[in-house]
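For reference, the chains in residue letters:
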Amino acid sequence: MAFFFETLLGGLMAGMLYSLVALGFVLIFKASGVFNFAQGAMVLFAALAMARFSEWIPAWTGLPYKPLTDLLAFIVAALIMFVVAWLIERLALRHLVNQEATTLLMATLGIAYFMEGLGQSIFGDSIYKIDIGMPKDPVFILDKVFPGGLLVNKEDLIAAAIAATLVALLSLFFQKTTTGRALRAVADDHQAAQSIGIPLNRIWVIVWCVAGVVALVAGMIWGSKLGVQFSLSTVALRALPVVILGGLTSVPGAIVGGLIIGVGEKLSEVYLGPFVGGGIEIWFAYVLALVFLLFRPQGLFGEKIIDRV
């Protein structure tokens, strides 16, 4: 039983990271109707900025206190993502309002390739390390509940806690703030929101900025676990089944979908993998997403996309 709960807990922690990346897709689609294929490139670009500035700032300033230099690197990377978001809206999306969905999709693909190339030109193409002090050694928890306790990785626990905190803060932002309510109004009906004086362009910039911060946190966590390399942009592909499962228009759906897929991957790999030769964790999420596309294309919590057109 303890092994089952270890696997379950590992799946939940992985699912929170999937949810974090999926939130970037959902936020942008809800506000602008754009399926942002550049989200993976944003994760990579933000992680590169964080990794490189965490090296450059101590060299430039001589500051020896690493937590301070990491904080400064995070702030600089966040500011860079704000500028990137503003430029994307100003130079691309503003000129594509009311265009076909295919046009917008191709635009985000172009933005993705441009950001990957720009990141390589500015920050280099080596494998970089993000070390924010998260311990990587395993630890036993709940030893009073299970004999011997449950073995988990401290880094996974901290990463899941960071992701859960950010998700909770975003939920509060959307529910309790004036800007959050304006974002929800734009998501419900662009024309109605515009008719009551909500500026769409400003809202889109805010949403892309929020998605940039989400990408930065996701890139920081994944970069700490795996290292910052250009294959990191493919981490967004792991979030696509999450979006399909939870619903492209639902923030809670991104959270629930991530948890379901994270747990499903781990449990299926451990308990079914030995019977089929392993590898279930690689394709499980995509098969589950395909099933939902066939029988419930709007996902668990999403609305039918046709209703938004």
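Report follows, based on the coordinates.

Criteria and thresholds
- Residues numbered from 1 in each chain as written.
- Predicted model: local features only at pLDDT ≥ 70, side-chain atom pairs only at ≥ 80, totals over all residues.
- Heavy atoms only, no water.
- Buried < 20%, exposed > 50% of the residue type's maximum accessible area, 1.4 Å probe, protein only.
- Helix = DSSP H or I, 4+ residues; strand = E, 2+ residues; numbered from the N terminus.
- Pairing = 2+ DSSP bridges.
- Contact = heavy atoms within 4.5 Å.
- Axes fitted to C-alpha atoms, helices over the stretch in contact; angles between N-to-C directions.
- Parallel < 35°, antiparallel > 145°, perpendicular 65-115°, else oblique.
- Left-handed = near helix turned anticlockwise from the far one by under 90°.
- Nonpolar A, V, L, I, M, F, W, Y, C, P; charged D, E, K, R; others polar.

## Quick notes on the pairing of strand β2 (residues 150-153)
Residues Leu150 and Val152 point to one face of β2 and are all buried, whereas Leu151 and Asn153, pointing to the other face, are not buried. Note that strand β1 (residues 138-141) and β2 share four bridges and pair antiparallel. When the bridges of β2 are listed, Pro138 appears paired with Asn153.

## A look at the environment of Val26
Along the chain, the position of Val26 falls in helix α1 (residues 2-32). Owing to a relative accessible area of 0%, Val26 belongs among the buried residues under this scheme. Setting aside anything within four residues of it in sequence, one finds Val26 in contact with Gly247, Leu248, Thr249, Ser250, Val251 and Ala254.

## Things to note about the packing of helix α2 (residues 39-61) against helix α4 (residues 101-123)
The contact between α2 and α4 brings their axes to 9 Å, and the two run at 15°. It follows that α2 is roughly parallel to α4 by the angle criterion. α4 is crossed by α2, and the crossing has left-handed handedness. Between α2 and α4, the contacting residues are Ala41, Met42, Leu44, Phe45, Leu48, Ala49, Arg52, Phe53 and Trp56 on the first element and Ala112, Met115, Glu116, Leu118, Gly119, Ile122 and Phe123 on the second. When the residues that make up the contact of α2 with α4 are grouped by side-chain class, the tally is 13 nonpolar, one polar and two charged.

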